[in-house]
Amino acid sequence: MTKIAIVGNIASGKSTVEEILRKKGFQVYDTDKIAHKILEENKELFPQALVDSKIDRKKLASIVFNDKEQLKYLESVIHPKVKEFIENIKTEETVFVSIPQLFEADMESLFDKIIFVSAPVDVRLERLMKRNNLTKEEAMTRIDAQMSEEEKIPRCDYVIVNDSTKDKLSANVNHLVTESAEGDH
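It should be emphasised that the depicted structure is a prediction, and the values quoted were computed from it without experimental measurement. (Residues numbered from 1 in each chain as written. Predicted model: local features only at pLDDT ≥ 70, side-chain atom pairs only at ≥ 80, totals over all residues. Heavy atoms only, no water.)

**Quick word on the sheet that holds strand S2 (residues 27-30)**
Strand pairs in the sheet, formed through backbone hydrogen bonds, run parallel or antiparallel to each other.
Turning to step 1, where the next piece is worked out: One open sheet accounts for 5 strands, arranged S2-S5-S1-S6-S7; its pairing is parallel. The sheet is open, and its two borders are formed by S2 and strand S7 (158-161), each paired with just one other strand. Averaged over all adjacent pairs, the angle separating strand axes in this sheet is 25 degrees, with direction ignored.
Turning to step 2, where the next piece is worked out: Of the strand pairs in this sheet, S2 and strand S5 (residues 94-98) are connected by 4 bridges, and their pairing is parallel. Considered in S5, the bridge of Tyr29 is made with Val97. (Pairing = 2+ DSSP bridges. Helix = DSSP H or I, 4+ residues; strand = E, 2+ residues; numbered from the N terminus. Axes fitted to C-alpha atoms, helices over the stretch in contact; angles between N-to-C directions.)

**Here we look at the nonpolar core**
Turning to step 1, where the next piece is worked out: Ranked by size, the top nonpolar core spans 32 residues in total, and within it Ile99 and Leu102 carry the most contacts.
Turning to step 2, where the next piece is worked out: Listed by contribution, the elements that provide at least two residues to this core are strand S1 (2-7), helix H2 (31-41), helix H3 (57-64), helix H4 (68-87), S5 and strand S6 (113-118).
Turning to step 3, where the next piece is worked out: Element by element, the count of residues in this core is highest for H4, at 6 residues.
Turning to step 4, where the next piece is worked out: Contact partners of Ile99, with chain neighbours within four places excluded, come to Ala5, Ile6, Val7, Thr31, Val82, Ile86, Met107 and Phe111.
Turning to step 5, where the next piece is worked out: Counting 15 residues, the second largest nonpolar core, distinct from the first, contains Phe26, Phe96, Ile160 and Leu169. (Core = buried A, V, L, I, M, F, W, Y, C linked by side-chain atoms within 4.5 Å. Buried < 20%, exposed > 50% of the residue type's maximum accessible area, 1.4 Å probe, protein only. Contact = heavy atoms within 4.5 Å.)

**A closer look at helix H6 (residues 136-144)**
Turning to step 1, where the next piece is worked out: Those residues of H6 lying buried are Ala139, Arg142 and Ile143. Along the long axis of H6, the arc covered by the buried residues comes to 100 degrees, so they all point the same way. The outward face of H6, more than 90 degrees from its buried face, is lined by the exposed residues Glu137 and Asp144. (Arc of directions from axis to C-beta.)

**What about the packing of aromatic side chains?**
Turning to step 1, where the next piece is worked out: According to the stated counting rule, one finds 3 aromatic pairs in the structure shown.
Turning to step 2, where the next piece is worked out: Between the aromatic rings of Tyr29 and Phe85, the centroid separation amounts to 5.3 Å while the plane-to-plane angle is 75 degrees, which identifies the pairing as edge-to-face. One end of the pair, Tyr29, is in strand S2; the other, Phe85, is in helix H4, with 56 residues separating them in the sequence.
Turning to step 3, where the next piece is worked out: Seen from their ring centres, Phe46 and Tyr73 are 5.3 Å apart, and the 55 degrees between their planes marks the pair as tilted. Of this pair, Phe46 sits in the loop between H2 and strand S3 (50-51) while Tyr73 sits in helix H4, and the two are 27 residues apart along the sequence.
Turning to step 4, where the next piece is worked out: Tyr73 sits in the partly exposed class, given a relative accessible area of 33%. (Phe/Tyr/Trp six-rings, centres within 6.5 Å; stacked < 30°, edge-to-face > 60°.)

Interpretation in functional terms is not warranted from these geometric data alone.
Now the structure itself:
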C-alpha cells in the first residue's frame, strides 16, 4: 500500500485534485470531512459554537481564527483522531489523503509521498472570499493562520501548480499520477 498526502493551503484547489483522482478510480480520503465528523461527536467541547445543538462551522471558524489558544485546543481534539484514522487505513492499493494540516499536525511520517497543491495568495484570497462569502480581512486571517507555502513546499515530493484552469490542473494531476503512482493502482 502506498499512502500519498495531498497538502495545500486554504483555497489552493485540494478538493478539485481529490475529485480528479476519484474520477481516475483512486480511493481518496478528505480529512476535513473526517474532522467535521469528529467535531460533531465532540460538540460539547465547543459550546460557544453551537446553534440548535449543532456546531456552526462559521461561528467556530470565527472563534478559532481569532484566538490562537482556541485554535490549539481545537487541533488538540481533532489531530489525534485524524492520525488514528489515517493509521487504520488498510488497502493493497495506492490511496490519497487530503490533509491540509499535515505539517502543523506533524503527520508526515504517515505517508510515503506528499503532493503539494500550490496557488498564488491573490488567487486563493479571491477563491476563499467567493467560496465562503468572507470579507477580505476574514479571508486573510484564515490564510495567515497557516504555515506559508514557502515553508511547506521544500518538505514535499511533488508540487502541482493550480493557477489557471481546471483542465490544466487535471492535466497536471494526470501527468503526476502517470509518473508516480499508476504502477501501484
